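A look at the structure
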Amino acid sequence: MKNESKRNQNQTRIEEELEANPDVDTSEVYVILQEWRDKIEAVDIELEETLTNLNKEKEAIHFEYCLQAGCDENDILGGWKELDHQILVKEIKRAQTKGIPRNRLTETLIAQLPHISPEEISRHEDWYRCIKSIQERKKNEINTSQLKREEILKEAKESLINIRKKVAEENLFREEREKHEKARMEIQKSLHLQRMMKMEELQGKLAEIEQQRLKALEDERKENERRMNEINHTKQLAEQYKQERQKYLESQKELERIRREEEIQEKKRQIELAKPKVEQREMLRLKKLEDMRRNEELLLAEELHRGKLLNKLAEQVPYWDTIQTIESKLDHVTVATEAQKYIPHEEETRGHLALNGFADAKLFKDARFRLGLALREAGVHQSAAAAAVIAQLH
């Protein structure tokens, strides 16, 4: 009903802007007006069908998501709490603005929504992106349809103005032509008399011109005959040269065939002589491939051992994920900050001291924490150098 009402409003607007003028418009103008109205109506129908298909696609995606998530179809948030949904939307917008990769966005969402499984976060994120994409497509389709309607309406107005201007000009031209026709008939009579007088004069000149034309034709015939004789002579010389060249090419072709046969025999002899060397190189190649396979197996075993060492290091820094998501409260007094009042000043040290709270100065004195932080920030916590440092620490 809403789309039908909108179409009626658009049709009323078209009727007002493309209104016919019965006093000056002809049947041709009425036909053109109807054609433009049909074009605009076709654009509106196409938009309505596109929006209907997009709505159906959106409902299908939402229905499939609700089946997988086990939520109510009427829940516009897909079974999520509004706060959790807003966190996901905010992070997706921030990732799109700053160009953050999809894997980093997923890690951030998992960290901020620890009470939701990664699979549910990924499914909800895909559902939100699909719904958002359909909304953007609907918006683009509406804007595109509006631009088409405005363009068609503009062309219709210009065409209507041009046709009406053309009809007015044709009427004016018809009146002027009738006036000139009368004057032309009077002039035609006087010109007919003058034409008859000059006709006799022209006949004499035409006879003289005809004689000159016949003479020119005879001269042209003789010139063409001379050129044909030259062309025939040139063709005979070309044919003679072609035959001699054909003989020469055949002799060269025979010599080339003999040379190629000799080269083939020589290559066969060289292949027989080089056959032992080729077999030796093939044995060396197979031995090299076997050595490469054994080296790859050794490298794989070494990489597995390195992974175990790095996992062991990660287990020794259990508070890393908590630090990433912690929020500071500047106006909040914690037990740790109260405890610092009764702890005496500590001297500078390399670490390995017992921790008495979560103050920054205390925390960063721990060499184990600094090592884990530095390796992760540098992006080398899975490298061979990191494994060597860890081995020295233990």
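Residues numbered from 1 in each chain as written. Predicted model: local features only at pLDDT ≥ 70, side-chain atom pairs only at ≥ 80, totals over all residues. Heavy atoms only, no water.

Describing the pattern of salt bridges
- Inspection of the entire model under this criterion finds 22 salt bridges.
- Residues E210 and R213 are paired through a salt bridge, measuring 2.4 Å at the closest nitrogen-oxygen approach. Residue E210 and its partner R213 are both found in helix α5 (residues 118-315); the two are separated by 3 residues, about one turn of the helix.
- The class of E210 is partly exposed, set by a relative accessible area of 33%.
- For the salt bridge of R221 with E218, the shortest nitrogen-to-oxygen distance reads 2.5 Å. You can see R221 and its partner E218 sitting in helix α5, 3 residues apart, about one turn around the helix.
- Judged by relative accessible area, which is 34%, E218 ranks as partly exposed.
- Several salt bridges converge on common partners, so that one network encompasses E290, D291, R293, R294 and E297. (Salt bridge = Lys/Arg side-chain N within 4 Å of Asp/Glu carboxyl O. Helix = DSSP H or I, 4+ residues; strand = E, 2+ residues; numbered from the N terminus. Buried < 20%, exposed > 50% of the residue type's maximum accessible area, 1.4 Å probe, protein only.)

Looking at the nonpolar core
- Among the nonpolar cores identified, the biggest contains 17 residues, and W80, L88, L113, I121 and Y128 are the most heavily contacted of them.
- Elements that contribute at least two residues to this core include exactly α2 (27-69), α3 (82-98), α4 (102-112) and α5.
- The element best represented in this core is α3, accounting for 5 residues. (Core = buried A, V, L, I, M, F, W, Y, C linked by side-chain atoms within 4.5 Å.)

Quick notes on α3
- Helix length check: α3, at 17 residues, gives a terminal C-alpha distance of 24 Å against a target of 24 Å (1.5 Å per residue), a fit within 8%.
- D84, H85, I87, L88, V89, E91, I92 and A95 are the residues of α3 that are buried.
- In the stretch just after α3, G99 is the one whose phi turns positive, near 70°. (Expected span 1.5 Å × (residues − 1).)

Remarks on the packing of α3 against α4
- Axis separation between α3 and α4 bottoms out at 10 Å; the angle between their running directions is 155°. On the basis of their axis angle, the class for α3 and α4 is roughly antiparallel. Viewed along their axes, α3 and α4 form a crossing whose handedness is right-handed. In this structure, α3 uses I87, L88, E91, I92, R94 and A95 to contact α4, whose residues at the interface are L105, T108, L109 and Q112.
- The residue makeup of the contact of α3 with α4, split by class, is 6 nonpolar, 2 polar and 2 charged. (Axes fitted to C-alpha atoms, helices over the stretch in contact; angles between N-to-C directions. Parallel < 35°, antiparallel > 145°, perpendicular 65-115°, else oblique. Left-handed = near helix turned anticlockwise from the far one by under 90°. Contact = heavy atoms within 4.5 Å. Nonpolar A, V, L, I, M, F, W, Y, C, P; charged D, E, K, R; others polar.)

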